[in-house]
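Structural overview
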Amino acid sequence: MINTTRRNLLRGGALITAGLATGRAMANGPDPLITEPQDWAIYTGDGVDATPYGMPIEYEGGVIRRNVPWLTADTISSINFTPIHALDGTITPQGCAFERHHSGAIALRKEDYRLMVNGLVETPSVFSYFDLERFPRETHVYFCECAANTGMEWAGAQLNGAQFTHGMIHNMEYVGVPLRTLLFEVGADISLKNWVYVEGADASSNGRSIPMEKALQDCLIAFKANGEGLRMEHGYPVRLVVPGWEGNMWVKWLRRIEVIDRAVESREETSKYTDVLEDGTARKWTWVMDAKSVITSPSPQSPISHGTGSLVISGLAWSGHGKITRVDVSTDGGKNWTIARLDKQGDRKALTRFYLDMEWDGGEMLLQSRAIDETNYVQPTKSQLRQLRGENSIYHNNCIQTWYVNEQGQAENVEVS
Ligand code: MTE
Ligand code: CO
């Protein structure tokens, strides 16, 4: 058996390698991967022109977006989920970042792109893509979370996998022009009682009203993500980034910004993306995504694949109010908590990776994580959230998630009271 207790790992590189190799050889006989020459070391590999644009190696073929067929009527107005159980670090590759379209993803050429800025402005203007490229740019990493993320879980533990319960989120590095730059450019009336109404070029238009204060603060008119052009499904060539606020406001294929003196109260901000409370009234203007976290591994799609001993618990935390300052992890359903290690101090309104490096004795666990942000807001339990909001809600569910892990290391979505 390979002995990988923490004590051995701490002894230094050379010793560990020797120790692992001897351990394996002793247990299973000679290891041909060590004793025999392998084809990949004898023959040359693919030439540099084989993949001008790289795809993940076939062995990573399972790290893909997935959907839940019964969740929406068709794939035009639909959602798929980021495989967060299989990713590490914080940046989401565009190729497996969740998509949410109300009327399908459209292919819009840069040459055909136009952005109109009108309403309460001195100079109503239309910008081409190439005009936008001539304004000073900024680069920022932000998470985008659909307000419906974890929505199915209000009714009880439903979907068996972090990808499905928490995968309506992605975290990318955006390059773009601050929205305030364009508002100043057209001489907008930026009085704080005003709003901007933003809409996309797709058939749904996905129109949303944004208070002027937020429009001036940190919204970005983005045209690059993770270094390259936006993928079509994320709004190529231009999308709006609304840091920390619900994903629905991140209008894709952005075509118009109207400065107005009141909110439009469009479909997406009245009958949708609001939460109906116990007494039948609805919460209004619930834009900010409160602090939330989830353990991505182990989790139902990412069971423990080794025996007892060293175990890396890994997860993600985020807050629409700013930085994550602490994440606690419990292995007993919230009775006892240990402070997890943040991979680095959290970025504002971006995903933070946390780890808990522990010794697993092979016993059952009820794994939970609890995020705390710079406003000292503490991620609530499911029952605390239900007390506040009742059981009619779908959107804005940021409660603590529980995974039951059995003695074989398999995990399951459960609810603890
Ligand atoms: N913008 C347009 N134009 N059309 C849409 O359907 N969907 C919204 C938002 N912006 C949408 C849109 C919703 S509900 C979410 S959660 C995010 O885009 C999802 O962004 P993504 O598809 O890049 O993940
Ligand atoms: Co959404």
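Description of the structure in this document. Predicted model only: the values in this text are computed from it and were never measured.

So, on to the overall build of the protein chain. Helix and strand content of the protein chain: nine helices and 21 strands. Taking 22 Å as the expected radius of gyration for a compact globule of 417 residues, we find that the protein chain reaches 24 Å, a close match to that expectation. In terms of principal-axis extent, the alpha carbons of the protein chain reach across some 80 × 60 × 40 Å. When the 417 residues of the protein chain are sorted by exposure, 49% land in the buried category. In the protein chain, the share of contacts with a sequence separation of at least 24, taken over all contacts with a separation of at least 6, comes to 71%. Roughly 20000 Å² of accessible area belongs to the protein chain as shown, and the carbon and sulfur atoms make up 52% of that amount. In the protein chain, 40 positive and 51 negative side-chain charges are present, and the distance between their average locations comes to 3 Å.

Within the secondary structure, Arg 239 sits in strand S11 (residues 239-241). Here Arg 239 is buried and forms no salt bridge, its nearest opposite-charge partner Asp 202 lying at an N-O distance of 9.8 Å. At 2.9 Å, the side chain of Arg 239 forms a polar contact with the backbone oxygen of Trp 250. Residues within four places of Arg 239 in sequence aside, it is in contact with His 170, Leu 220, Ile 221, Ala 222, Leu 230, His 234, Trp 250, Val 251, Lys 252 and Trp 253.

This paragraph deals with the sheet that holds strand S19 (residues 365-373). Strand pairing in a sheet relies on backbone hydrogen bonds, with the paired strands running either antiparallel or parallel. Judged by pairing direction, the sheet is antiparallel, and its five strands sit side by side in the order S16-S15-S19-S20-S21 without closing on themselves. Of all the strands in the sheet, the pair left with one neighbour each is strand S16 (338-339) and strand S21 (411-414). With four bridges joining them, S19 and strand S20 (residues 402-405) adopt antiparallel strand pairing. Residue pairing for S20: Leu 366 is matched across the bridge by Tyr 404.

Moving on: the site of ligand 1. Ligand 1 sits among 21 residues. The nearest are Phe 98, His 102, Asp 202, His 234 and Lys 252. A distance of 2.6 Å separates an oxygen atom of ligand 1 from a polar atom in the backbone of Phe 98. The separation between a nitrogen atom of ligand 1 and a polar main-chain atom of Trp 250 is 3.0 Å. In the complex, 100% of the free accessible area of ligand 1, which totals 540 Å², lies under the protein chains. Across the shell around ligand 1, the residue classes break down as six nonpolar, nine polar and six charged.

Judged by how many residues are buried, strand S9 (residues 220-225) sits mostly within the fold: five of six residues are covered. Here five bridges tie strand S6 (residues 169-178) to S9, and the two strands are oriented antiparallel to one another. Counterpart to Gly 176 in the pairing with S9 is Ala 222. When S9 meets strand S10 (residues 228-229), the two strands line up antiparallel, connected through two bridges. Residue pairing across strands places Ala 225 opposite Glu 228, the latter belonging to S10. In this structure, the hairpin formed by S9 and S10 is closed by a connection of two residues, where Asn 226 is found at a positive phi of approximately 50°.

Another point: empty space enclosed by the protein. Taken as a whole, this structure holds three cavities of 30 Å³ or more when the rule is applied. In this structure, the largest cavity encloses a volume near 240 Å³. As for the largest cavity, its lining consists of 21 residues, and the residues nearest its centre are Arg 100, Arg 239, Gly 247, Trp 250 and Lys 252. Of the voids in this model, the second largest cavity is the one considered here, and its volume is about 70 Å³. Taken together, Thr 82, Ile 84, Leu 87, Asp 88, Gly 89, Thr 90, Ile 91, Thr 92, Ile 169, Leu 316, Leu 351 and Arg 353 make up the full set of residues lining the second largest cavity.

Moving on, we come to the sheet that holds strand S7 (residues 195-200). With mixed pairing, five strands are arranged side by side in an open sheet as S4-S3-S12-S7-S8. Only two strands of the sheet have a single neighbouring strand rather than two, namely strand S4 (125-128) and strand S8 (208-211). When strand polarity is set aside, the average angle formed by the axes of neighbouring strands in this sheet is 20°. Where S7 and strand S12 (residues 254-260) come together, six bridges link them in antiparallel fashion. Bridge pairing links Glu 199 to Arg 256 in S12.

Enumeration according to the criterion identifies 25 salt bridges in this entry. A salt bridge links Lys 284 to Glu 265; the shortest N-O distance between them is 3.1 Å. Here Lys 284 is found in the loop between S12 and strand S13 (292-297), whereas its partner Glu 265 is found in the loop between S12 and S13, with 19 residues between them in sequence. Among the residues examined, Lys 284 registers a relative accessible area of 48% and is labelled partly exposed.

The next subject is the layout of surface pockets. Considered as a void within the structure, the largest pocket measures approximately 430 Å³ in volume. Residue lining of the largest pocket: 20 residues in total, with Thr 72, Arg 100, Ala 148, Ile 394 and Tyr 395 positioned closest to the centre. In this structure, the second largest pocket encloses a volume near 320 Å³. What lines the second largest pocket is a set of 16 residues, and nearest its centre among them are Met 55, Pro 56, Val 63, Gly 95 and Cys 96. Here the residues of the lining of the second largest pocket sort into nine nonpolar, three polar and four charged.

Counting 63 residues, the largest nonpolar core has Tyr 174, Leu 183, Val 196, Ile 221, Leu 254 and Ile 257 as its most contacted members. Per-element tally for this core: the top contributor is S9, with five residues. Dropping the residues within four chain positions of it, Ile 221 is found in contact with Leu 115, Leu 132, Val 175, Gly 176, Val 177, Leu 179, Leu 182, Val 238, Arg 239, Leu 240, Leu 254 and Ile 257. If you look at the next biggest cluster of nonpolar residues, it comprises 29 residues, including Ile 84, Ile 304, Val 329 and Leu 367.

Taken together, Leu 33, Ile 34 and Trp 40 make up a surface patch of nonpolar side chains, about 430 Å² in accessible area. Within the secondary structure layout, Leu 33 lies in helix H3 (residues 32-35).

About the cut-offs
- All residue numbers here refer to positions counted from 1 along the written sequence of the relevant chain.
- Think of it this way: whatever chain is written first is A, whatever ligand is written first is 1, and the rest follow in order.
- Local features in this predicted model are restricted to residues of pLDDT 70 or higher, and side-chain atom pairs are both shown and tallied only at a pLDDT of 80 or more, whereas totals for entire chains, interfaces and linings draw on every residue.
- As a convention, hydrogens and water are excluded, and side-chain values are obtained from all of the structure's heavy atoms.
- Labels follow the DSSP assignment, with helices taken as runs of H or I lasting at least four residues and strands as runs of E lasting at least two, numbered in each case from the N terminus.
- Radius of gyration here is computed from C-alpha atoms only, and the compact-globule reference equals 2.2 Å multiplied by the residue count raised to the power 0.38.
- Accessible area is worked out with a 1.4 Å probe on protein chains only. A residue is then buried under 20% of its type maximum, exposed over 50%, and partly exposed in between.
- Contact criterion: two residues are considered in contact whenever any of their non-hydrogen atoms come within 4.5 Å of each other.
- Shrake-Rupley sampling with a 1.4 Å probe provides the accessible areas, and residues are treated as covered by the protein chains on show and by no other component.
- Charge counting follows a simple rule: Lys and Arg are positive, Asp and Glu are negative, and His as well as the terminal groups are ignored.
- In plain terms, the charge of a residue is placed at NZ if it is Lys, CZ if Arg, CG if Asp and CD if Glu.
- For this document, the term salt bridge refers to a Lys or Arg side-chain nitrogen within 4 Å of an Asp or Glu carboxyl oxygen.
- Nitrogen and oxygen atoms within 3.5 Å of one another constitute a polar contact, given that in protein one can donate a hydrogen and the other can accept it, and given that sequence-neighbouring residues count only through two side-chain atoms.
- Two strands are counted as paired when DSSP detects at least two bridges linking them.
- Working definition: residue near molecule or strand if any one of its non-hydrogen atoms lies within 4 Å of it.
- In the scheme used here, Gly and all other residues not listed as nonpolar or charged are polar, with Ala, Val, Leu, Ile, Met, Phe, Trp, Tyr, Cys and Pro taken as nonpolar and Asp, Glu, Lys and Arg as charged.
- Using a 1 Å grid laid over the protein atoms alone, points where a 1.4 Å probe fits but cannot get out form a cavity; open sets with protein on both sides within 12 Å along at least 5 of 7 lines form a pocket; any residue with an atom within 4 Å of a point counts as lining.
- Grid points are joined across faces, edges and corners, and a volume is the space filled by probe spheres set on the points.
- An axis is simply a line fitted to the C-alpha atoms; with a helix, the fit covers only the stretch in contact. Between two such axes, the angle follows the N-to-C directions and lies from 0 to 180 degrees.
- Only buried residues count toward a nonpolar core. Its members are Ala, Val, Leu, Ile, Met, Phe, Trp, Tyr and Cys residues joined through side-chain atoms within 4.5 Å.
- Patch building starts from residues that exceed 30% relative accessible area and form no salt bridge, then joins like charges within 9 Å and nonpolar side chains (Val, Leu, Ile, Met, Phe, Trp, Tyr) within 5 Å.

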